[in-house]
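Close look at the chain arrangement
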Amino acid sequence: MASPVPSALTANRVGFDEWPSLRLYQRECGQQSFSVANLVYLQSETNYTWLNWKDGKRMLMPRTLKFYEPKLPTHFFFRLHRNCLVNARYIVGVERDQTGAYVQLTTGERLPISRRRWTTIKKMVDTYAQMN
């Protein structure tokens with residue numbers, strides 16, 4: 001299996017404005033398109049997914065995380081845990097302590113990283129930090 005790091009290196013050349021938009025349906029205002037570049041992370045809760053945006057807005061959508069994963073740029077969105085996808089653009093750093101591993105976001109939030117994914121996430125974050 002090829003490492004995901006090289007694709008992240010080449011993906012940096014793609015401007016954030018060129019990212020696909022995410023079409024979402026909301027009961028109050030119908031179907032709308034949202035810029036994926038402004039999506040910080042997605043977190044699942046049973047058969048629902050919380051979408052967390054750069055401006056602090058949170059949206060609860062009646063779909064699983066598995067539904068959204070193929071709609072996102074894979075070279076920038078990656079799974080930290082079975083219930084969380086994060087946008088590498090909003091990661092400040094990673095840390096590990098006695099209680100576990102975490103990713104620190106520009107929003108000030110800390111999200112847990114699974115033990116199995118720690119090495120891959122650490123490499124990707126280090127590579128992404130060197131590029132920027």
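Please read all numbers here as calculations on a predicted model, not as lab measurements.

Calculation notes
- Residues numbered from 1 in each chain as written.
- Predicted model: local features only at pLDDT ≥ 70, side-chain atom pairs only at ≥ 80, totals over all residues.
- Heavy atoms only, no water.
- Core = buried A, V, L, I, M, F, W, Y, C linked by side-chain atoms within 4.5 Å.
- Buried < 20%, exposed > 50% of the residue type's maximum accessible area, 1.4 Å probe, protein only.
- Helix = DSSP H or I, 4+ residues; strand = E, 2+ residues; numbered from the N terminus.
- Contact = heavy atoms within 4.5 Å.
- Pairing = 2+ DSSP bridges.
- Axes fitted to C-alpha atoms, helices over the stretch in contact; angles between N-to-C directions.
- pLDDT = per-residue confidence, 0-100.

1. What about the nonpolar core?
Ranked by internal contacts, the top residues of the largest apolar core, which has 36 residues, are L24, L42 and L80. For this core, the element with the highest residue contribution is helix α3 (residues 118-131), accounting for 5 residues. Apart from the residues within four sequence positions on either side, L24 is in contact with G30, Q31, Q32, F34, L51, W53, M59, M61 and Y68.

2. Structural notes on the sheet that holds strand β10 (residues 110-113)
Taken in spatial order, the 3 strands make up an open sheet running β8-β9-β10, and their pairing is antiparallel. Strand pairing shows two members of the sheet lacking a second neighbour, β8 (91-97) and β10, which therefore form its edges. Averaged over neighbouring strand pairs, the angle between their axes works out to 30 degrees when direction is ignored. Here 4 bridges tie strand β9 (residues 100-105) to β10, and the two strands are oriented antiparallel to one another. Across the sheet, V103 pairs through a bridge with L111, a residue of β10. Its contacts with the sheet place α3 against β8, β9 and β10, and it is angled at close to 145 degrees to β8.

3. What about the confidence of the model for the protein?
Summarising the model, the protein shows a mean pLDDT of 83, and 83% of its residues fall at 70 or more. Within the model, the stretch residues 1-14 combines pLDDT values under 50 with 16 contacts to residues more than four positions away or in other chains.

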